[in-house]
Amino acid sequence: MKARKLTSFRKHGRGSVLVICVWIVTILVLLAISIGRRASFESRILRYHLSRAQAYCLARSASERVYLEKAADKNVDYDYLQEDWSNKLKADGSPEFKDFPLGGGTFTIKYSYPESEEPLYGMQDEQSKININTIIDSTGNEIKERRDEFVELLENLGYGAELADRFIDWIDSNDDGSYEERYYSGQGLKPKNAPLDRLEELIMIDGFTQEIVDALTPYVTVYTNGEINVNTAPEEVLLALGFNNNDEVPAILNYRADGDAIKEIISSPAACSFLDADGKLCLSASKVKSDRLSCKSEIFRANSSGTVLNVTKRITSVVEIKSGTAPKQLYWYEE
Ligand SMILES: [Ca+2]
Ligand SMILES: [Ca+2]
C-alpha cells in the first residue's frame, strides 16, 4: 500500500515537473519571439533612420552638384533655359538629374516651368520672376510703375488690383492706407512695414489665400535685385513688365522656342528692329525700360531630393552664384 502511494507520488511528481517544464519552455519561446519581434522592429527603425540620413546627404549633394553646373557655364554673358544648369540632358536626350544614381540611392533636381508641360531637371532661374519687394523704394515708399506691374500680373492671373494694395500696405513703412495697423488690429496682427524675408510670408496678409500664393509663386520672388532675365521670364512676367502682346511678346517667345538666347539689350539707335537674328533686343520703341531687364542671372532656386529605399528627403535652396566666387545661400528649407 505504502509502495503504491510512493509510485503514484513519483508519477504525479514527474507529471508536475513536465508541466512546469512545458510552461517554462512556452514562456521562453514567447519571450524569444517577443525579443525577436522587438529586434526586428528596432532594426527596421534603424534602417529607416539610416536611409533618411543617406537621403539627406544625397539631397545636399544634388544641390552642390547643380550649383557646379552654373559655375561651369560657358556662356557667361547670357543665361537661358537650354543651358545645363536649367535642364541638363544626357546624350540620348533624357534628363541627367532625374533619378541620378549615387551611393546606393538616387537624387533628382527638378522644377515646373509655366510654359513647359514636362518638368525641367535643373535649377530654376529666380531672376525669371518679379521681385515684389521692389514695389517699395529704399525709403519704404511705393513705386507706382512697380505697383502697375504687380496689378497687371494679378489681373492676368484672374485676381483683383486690391491684392496689390493689401500687399503694399503690409510692406511699406507708412501707416497711410486701407490695410494698415488699424485694419489688422482685430486680428491680433500688425503689418510688417518692411520687405518680406521669405515668399511664404504672403499668406499672413489678409486676402492672400494659399490658392493665390500658389498661383503667384511661379512668377514672383523676394530674393533678386529686381532685374528680370528676358531669356527665362515666363509669358505672364513679360506681359506684366509691359511688353505688348501684339508683336513683342510673340517675338520673344518665338525666338526662345528656336533655342536661341537674347544676348544683348539696347535702347538705341532709335530705328532698330525689336529683336534681330544675332540676339539683340532693341527697346527704343518699347514701353519696357532697359534697366528692368537682363540677359543673365545670378540667383537660382534648386529643389533637390534624395531617395534611399523608398525614403525621400527634400531640400529647397535659393543661391547666388557669381562667376569666380563661392555660391552664397539666400534660403534653405529641409522637408
Ligand atoms: Ca549662360
Ligand atoms: Ca504700411
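Thresholds, definitions, all that
- Residues numbered from 1 in each chain as written.
- Chains lettered and ligands numbered in written order.
- Predicted model: local features only at pLDDT ≥ 70, side-chain atom pairs only at ≥ 80, totals over all residues.
- Heavy atoms only, no water.
- Donors = N, O, S within 2.8 Å, 3.2 Å for Na, K, Ca; no water.
- Buried < 20%, exposed > 50% of the residue type's maximum accessible area, 1.4 Å probe, protein only.
- Domains from an automatic or database assignment.
- Helix = DSSP H or I, 4+ residues; strand = E, 2+ residues; numbered from the N terminus.
- Contact = heavy atoms within 4.5 Å.
- Expected span 1.5 Å × (residues − 1).
- Phe/Tyr/Trp six-rings, centres within 6.5 Å; stacked < 30°, edge-to-face > 60°.
- Lys NZ or Arg CZ within 6 Å of the ring centre and 35° of its normal.
- Disulfide = S-S within 2.5 Å.
- Patch = residues over 30% accessible without salt bridge, like charges linked within 9 Å, V, L, I, M, F, W, Y side chains within 5 Å.
- Areas by Shrake-Rupley, 256 points an atom, 1.4 Å probe, with all protein chains shown as cover.
- Salt bridge = Lys/Arg side-chain N within 4 Å of Asp/Glu carboxyl O.

Draft legend 1. Spotlight on the coordination of the calcium ion (ligand 1). Surrounding the calcium ion (ligand 1) are the protein donor atoms D73 (OD), D73 (OD), N75 (O), Y78 (O), D79 (OD), E83 (OE) and E83 (OE), which sit 2.1 to 2.9 Å from the metal. Considered as a linear motif, the donors of the calcium ion (ligand 1) on their single chain read D-x1-N-x2-Y-D-x3-E. A relative accessible area of 12% means that D73 is categorised as buried.

Draft legend 2. Layout of the domain arrangement of the protein chain. Per the domain assignment, the segments making up the protein chain are domain 1 (1-127 + 299-335), domain 2 (130-223) and domain 3 (245-296). Here domain 2 and domain 3 have C-alpha centroids that lie 30 Å from each other.

Draft legend 3. Region of the structure containing the coordination of the calcium ion (ligand 2). Protein coordination at the calcium ion (ligand 2): the donors are D169 (O), D172 (O), D172 (OD), N174 (O), E180 (OE), E180 (OE) and N193 (OD1), at 2.3 to 2.6 Å from the metal. Donor residues binding the calcium ion (ligand 2) come from one chain and are separated in sequence as D-x2-D-x1-N-x5-E-x12-N.

Draft legend 4. The arrangement of the side chain of S305 in detail. Within the secondary structure, S305 sits in strand β10 (residues 299-308). Other than its neighbours up to four places away in sequence, S305 contacts A59, T106, F107, T108, T312, K313 and R314.

Draft legend 5. Region of interest: helix α3 (residues 144-156). Taking 1.5 Å per residue as the helical rise, α3 with its 13 residues ought to reach 18 Å, and the 18 Å between its terminal C-alpha atoms agrees with that figure. Taken as a whole, α3 has its buried residues at R147, E149, F150, V151, L153 and L154.

Draft legend 6. Focus on the packing of aromatic side chains. For the coordinates displayed, the defined rule picks out 11 aromatic pairs. For the ring pair W170 and Y184, a centre distance of 5.2 Å and an interplane angle of 70 degrees mean the geometry is edge-to-face. Here the residue W170 occupies a position in helix α4 (residues 162-171), and Y184 occupies one in helix α5 (residues 181-184), the gap between them amounting to 14 residues. Of the aromatic side chains, those joined through ring pairs into one cluster are W170, Y179, Y183 and Y184. The ring of Y78 carries K263 above its face, with NZ or CZ at 5.2 Å from the centroid. Sitting over the face of the ring of Y331, R301 holds its NZ or CZ atom 5.8 Å from the ring centroid.

Draft legend 7. Spatial organisation of the state of the cysteines. Across all of its chains, the model carries one disulfide by this definition. Through a disulfide, C272 is tied to C282; the S-S separation comes to 1.7 Å. Of this pair, C272 sits in the loop between β7 (264-266) and β8 (280-282) while C282 sits in strand β8, and the two are 10 residues apart along the sequence. Here C295 stays free of any disulfide, with the sulfur of C282 as its closest cysteine sulfur at 13 Å. Judged by its relative accessible area of 9%, C295 falls in the buried class.

Draft legend 8. Representation of a nonpolar patch on the surface in the model. Taken together, the side chains of I20, I24, L28, L31 and I35 define a hydrophobic patch exposed on the protein surface, amounting to about 490 Å² of accessible area. Its place among the elements puts I24 in helix α1 (residues 2-71). Owing to a relative accessible area of 45%, I24 belongs among the partly exposed residues under this scheme.

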